[in-house]
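Tertiary structure, described
These are the residues of each chain, in order.
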Amino acid sequence: MNKPVVLVAEELSEAGLAVLGADFEVRHTDGADRSQLLPALADVDALIVRSATQVDAEAIAAAPKLRVVARAGVGLDNVDVEAATKAGVMVVNAPTSNITSAAEHTVALILASARNVAQAHSALKDGEWKRSKYTGVELDEKVVGILGLGKIGQLVAQRLQPFGVEIIAYDPYLQPARAAAMGVRLASLEEVLQQADFITVHLPKSKETIGLIGDRELHMVKPTVRLINVARGGIIDENALYSALKEGRVAGAGIDVFAKEPCTDSPLFEFDQVVVTPHLGASTHEAQEKAGTQVARSVKLALAGEFVPDAVNVQGGAVAEDVKPGLPLTEKLGRIFTALAGEVATRLDVEVRGEISAQDVRVLELAALKGVFTDVVEDAVTYVNAPLLAKDRGVVVELVTSAESPDWRNVITVRGVLADGRTVSVSGTLSGPRQITKIVEVNGYAMEIEPTEHLAFFTYADRPGIVGIVGRLLGEHNVNIASMQVSRDVKGGKALIALTVDTAIPSDVVEQIAAEIGADSGRTVDLED
């Protein structure tokens, strides 16, 4: 078989390339050169970029086999996520690759601003020994205001606490109890501006945050305040900051990011009390290596059709540890559902019941859809294009959750309504300390069977001798039964035989069994990868 093709359009760490290993055909091109990039995309399965390659609608259209675009970094300004989603292409990045580096750079700028490190360094190298001019301030007993208590903001808080500071934070999406557990007091934006001696920004750049710290806000701060921005340029209005520095309403600043980059000439540069760096927050060897390895792992998962936690255009977000074991189970349930139904449902409900329902289980809906369509369409089904496949086929999908699960600690059900009004359902659970996968219900019949690679289900009128007939016919065709269970609604009513077998049952044998036992239906399911 041909190996999947991964096109590396910009420099990737050796560690990242090593993660890809020998499982892929890795090619290289200059992503910044469109004349090289577009032809190179013709037959690639995955594209890895940094910030110089523009992955727009034209580039995506030039890559008909493309399944995943990976940005070895945090931002996605150079990737058209909407165009990728429409094409069923997963977009991933490395959101945690630089968080330690960014947090440490924030602390570096806070200390550099407090102690005038850069200014004193420059003066001394120019032959000036001016100790009194560059007298600084201590962090001890100062108030540090953090705007945005996400991953980086939390790391900054952790690193600053040993300095003896009081930390307050503005984050409207965080519960006060969660902040208190970190030793941080939540406050309004106005309170942070008015009380803090140092203010550091760790917010995403959006319509709501651009210009968040403007002229109005900079009239609320202490004249001794120092502002730090290692997040995104434009969150602090640079013109407003210039005026505040000019008028003595702000004591200093440490700026790593600018509204327009690269920035080599800014009015802020005229102030001796402003420390600037050229967007170095993520510029460490460790961050670059983490970005490379993280996206390489994501590419491997994506091309294997697995869920990718760092995918930005997949509903569900990060997967809770308690939910992860349910992904392969739910995908199997989807495949069994399709085999039992024999067609695509008009409506599909994914039911999640029990303790697990308290978690964010939206990803289980994606897993079910992936399973439902895996054996229906020719192309590879992923967590990105599975919802699109459902939409294109007019399937109404709903996720149902409930804490009530009388028979099992947790149970997941895929239930669908077919075009003729029939309902098909299959339920499964993870049992015991080893989380063993079990099918516990099919079309209302209770059972407890482990889904192996080959399964078969026969529904028939309950009467003696059926088990013997099924066993005999399978034995005559050298198909070994691994396990068999019989379930019925009432004595003498309808019954269901569920079997796991060592090899696939030929279709003519299935027809022969169905005919001899007078089965209402006979279906096989092959779960081989």
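Residues numbered from 1 in each chain as written. Predicted model: local features only at pLDDT ≥ 70, side-chain atom pairs only at ≥ 80, totals over all residues. Heavy atoms only, no water.

As annotated in an unreviewed UniProt entry, the chain carries the name D-3-phosphoglycerate dehydrogenase and is attributed to Microbispora siamensis. Under the UniProt heading Pathway (unreviewed entry), the note attached to the chain is "Amino-acid biosynthesis; L-serine biosynthesis; L-serine from 3-phospho-D-glycerate: step 1/3." Turning to the chain, the UniProt annotation filed under Function (unreviewed entry) states: "Catalyzes the reversible oxidation of 3-phospho-D-glycerate to 3-phosphonooxypyruvate, the first step of the phosphorylated L-serine biosynthesis pathway. Also catalyzes the reversible oxidation of 2-hydroxyglutarate to 2-oxoglutarate." (UniProt positions renumbered as here; feature names shortened; annotations may be inferred.)

**Looking at the overall build of the chain**
Each helix and strand in the chain was counted, giving 17 helices and 22 strands. Taking 24 Å as the expected radius of gyration for a compact globule of 529 residues, we find that the chain reaches 30 Å, considerably beyond that expectation. Counting only C-alpha atoms, the chain reaches 100 × 55 × 35 Å along its principal axes. Counting across all 529 residues of the chain, residues that qualify as buried make up 49%. Across the chain, contacts joining residues at least 24 apart in sequence account for 63% of those joining residues at least 6 apart. (Helix = DSSP H or I, 4+ residues; strand = E, 2+ residues; numbered from the N terminus. Rg over C-alpha atoms; globule rule 2.2 N^0.38 Å. Buried < 20%, exposed > 50% of the residue type's maximum accessible area, 1.4 Å probe, protein only. Contact = heavy atoms within 4.5 Å.)

**Focus on the nonpolar core**
Of all hydrophobic cores here, the largest spans 70 residues; its most connected members are Val-6, Met-90, Val-299, Phe-337 and Phe-457. When residues in this core are grouped by element, the largest group, eight residues, is from helix 14 (residues 362-374). Dropping the residues within four chain positions of it, Val-6 is found in contact with Leu-20, Phe-24, Glu-25, Val-26, Arg-27, Ala-46, Ile-48, Val-299 and Leu-303. Val-225, Ala-253, Phe-258 and Leu-268 belong to the second-largest nonpolar core, a separate cluster that totals 32 residues. (Core = buried A, V, L, I, M, F, W, Y, C linked by side-chain atoms within 4.5 Å.)

**Thoughts on the side chain of Ser-101**
One can find Ser-101 in helix 5 (residues 99-115). Of note is the side chain of Ser-101, whose polar atom sits 2.6 Å from the side chain of Thr-284. The residues touching Ser-101, leaving out its near neighbours within four places in the chain, are Gly-281, Ala-282, Thr-284 and Ala-287. (Polar contact = N/O pair within 3.5 Å; in protein donor to acceptor, adjacent residues only side chain to side chain.)

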